[in-house]
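Observations on chain architecture
Residue-level listing of the chains:
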Amino acid sequence: MSINLGPGFEDRLSAGEPAAFRELVETYKRKFYGLAYEFTRNSADAEDVSQVAFIKVFRSIKTFKKGANLNSWLYRIVVNAAIDHLRKRSFFPSSLPGGIDVEQAGPAEDPARRAEAILLREKIDRALEAVSEREKAAFLLRHDHGLDLKEIAEVLGVSLGAVKSYLFRSVRKIQKEIQYV
Amino acid sequence: MSSCRAFRKRIPEALFGEMAGRRREMFERHRTECSACAAEYAEALRALHLAGRRSRPDPGQAFWDGYWDRLQARIAEEERLEAESPAPAAPAKPSRPKAVFPRWLAVPAAASAILVVGIFLGRYVFKPGSRPVPVPGGAASSVIPASEMDLGARASRYLDRSKRILLAIVNYHPETQDPYGLDLPGQRSASRELVAEAAALKSDLGRAKDRRLERLVGDLEKILLQIANLESEDDLDAVNIIKAGAESRDILFEINIAELRGPTSGGPSPKTPASASRGGISSM
């Protein structure tokens with residue numbers, strides 16, 4: 001799923017136009033944060049990862065090849081930033097994920113539905129914890145961010161077959177985890 | 001059976017709307033014909049729907065309103081820190097003692113010194129042909145000439161590679177495992193290489209009079225040929241036939257016995273208790 005930021009946007013961005021960068025941030029901030037949150041399970045870390053990703057974009061935008069898929073390139077940066085963050089955190093566990101932030105579990109609604117959503121989220125989190133980083137990324141990019149399989153292959157730098165395999169395994173895990181829900 | 005496996009393998013594509021045309025038609029037709037596969041698909045679809053209903057955190061509008069300002073502040077802070085950090089152009093160099101030789105002579109001198117040490121080690125420490133190659137087990141035949149060891153090493157490598165391929169296939173359970181888990185293209189290409197190598201190896205083993213190993217390589221050649229000729233990675237029925245063939249002939253057991261016996265010595269091989277008790281290899 002490509003996001004159209006208007007004609008000539010990539011040129012403006014590559015030329016270092018501040019307004020273009022701001023437009024990019026406004027378009028992608030929720031996506032970057034959401035994906036980072038899925039990896040880190042922590043709002044402060046999610047913001048940190050999303051900012052690190054935007055800073056990388058800001059600094060390396062000149063290396064973006066004209067005609068390449070901007071969406072895939074951006075997601076590649078945020079996925080790598082999230083994975084780097086997790087690897088660093090495994091060495092310096094200052095902010096370990098401890099379930100989900102209850103105050104962020106979702107919009108205030110009836111308590112039963114809220115509890116159900118939290119339970120579901122925990123089960124899916126558990127299933128996603130059991131798959132590899134790439135499998136998790138493939139699932140989230142397809143399911144939550146609507147990237148097509150080719151784009152996911154570009155983001156992860158793997159073949160289309162590998163992406164299908166990642167999706168197969170992640171769906172199986174989720175299926176197993178939530179079979180009694 | 002194989003269409004059920006192909007169906008399961010394509011479930012993610014179908015779930016995520018990445019299947020069209022004839023493939024989608026075939027997929028849908030199978031779904032209407034096979035209740036087990038239809039149930040499997042429905043279960044996966046339900047899992048996806050539930051995954052879509054999970055709560056997603058939203059830090060609130062105030063967070064988003066201030067996001068750009070915080071990002072800008074961070075970029076500015078990082079740029080300031082970079083500007084303040086000591087310039088990379090002037091790293092303080094520790095003072096060196098005055099060189100005895102000019103610097104341009106240092107690299108050739110070091111290379112010559114390494115060469116001299118290498119020649120010394122090669123000539124006096126690792127003298128070629130002075131050391132016998134030990135064979136595990138057996139005092140009488142504990143040494144073999146290096147030329148024969150080449151054949152042993154080749155046979156051992158052949159057995160090891162074949163074993164890896166067979167283990168991957170024998171341990172693969174399509175009912176419970178991801179169909180992509182078995183790297184069939186890789187197994188096929190490795191099998192082709194081994195089949196191509198088999199004739200020469202068998203002939204050398206025949207000359208070395210190691211009939212047992214020669215027969216094992218022949219048996220392996222037939223199984224590897226079947227793997228090399230697999231038409232597609234969906235051909236899981238053929239995989240099961242190969243699995244059954246390898247299991248019924250105890251090929252892996254025979255490889256283990258051959259590995260226990262160690263490299264071929266060129267003469268009649270000593271019998272291990274296990275091989276003696278089995279009394280030979282069943283032919284294909």
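Fair warning: this is a prediction, and the values are worked out from it, not measured in the lab.

1. Overview of the overall build of chain A
- Along the backbone of chain A there are 8 helices and 0 strands.
- Of all 181 residues assigned to chain A, the portion counted as buried reaches 51%.
- At a minimum sequence separation of 6, the contacts of chain A that also span at least 24 residues come to 66%.
- Per element, the accessible surface of chain A, about 8500 Å² overall, is 55% carbon and sulfur.

2. Thoughts on the overall build of chain B
- When helices and strands are counted, chain B shows 12 helices and 2 strands.
- Shown N-terminal to C-terminal, the secondary structure of chain B runs as helices and strands in the order α-α-α-α-α-α-β-β-α-α-α-α-α-α.
- Pairs at least 24 apart in sequence give 72% of the contacts found in chain B among residues at least 6 apart.

3. A look at the interface of chain B and chain A
- Taken together, the contact between chain B and chain A spans 39 residues of the former and 46 residues of the latter.
- Contact between chain B and chain A buries roughly 4200 Å² in total, counting both sides, with carbon and sulfur atoms accounting for 59%.
- Contact with chain A buries surface across chain B, with Phe16, Arg54 and Trp68 of chain B losing the most and accounting together for 18% of the total.
- Counting across the interface, chain B meets chain A through 7 salt bridges.

4. Here's the deal with the confidence of the model for chain B
Residue and element names in this part refer to chain B.
- Predicted confidence across chain B gives a mean pLDDT of 74, with 69% of residues reaching 70 or more.
- When mean pLDDT is compared element by element in chain B, helix α4 (residues 61-65) scores highest at 92, while helix α12 (residues 273-278) scores lowest at 39.
- Every residue in residues 266-284 is under pLDDT 50, and counting partners more than four places away or in other chains gives 32 contacts.
- As scored by the predictor, the complex reaches a pTM of 0.55 and an ipTM of 0.81.

Rules of the game
- Residues numbered from 1 in each chain as written.
- Chains lettered and ligands numbered in written order.
- Predicted model: local features only at pLDDT ≥ 70, side-chain atom pairs only at ≥ 80, totals over all residues.
- Heavy atoms only, no water.
- Helix = DSSP H or I, 4+ residues; strand = E, 2+ residues; numbered from the N terminus.
- Buried < 20%, exposed > 50% of the residue type's maximum accessible area, 1.4 Å probe, protein only.
- Contact = heavy atoms within 4.5 Å.
- Areas by Shrake-Rupley, 256 points an atom, 1.4 Å probe, with all protein chains shown as cover.
- Buried area = accessible area lost by both parts, 1.4 Å probe.
- Salt bridge = Lys/Arg side-chain N within 4 Å of Asp/Glu carboxyl O.
- pLDDT = per-residue confidence, 0-100.

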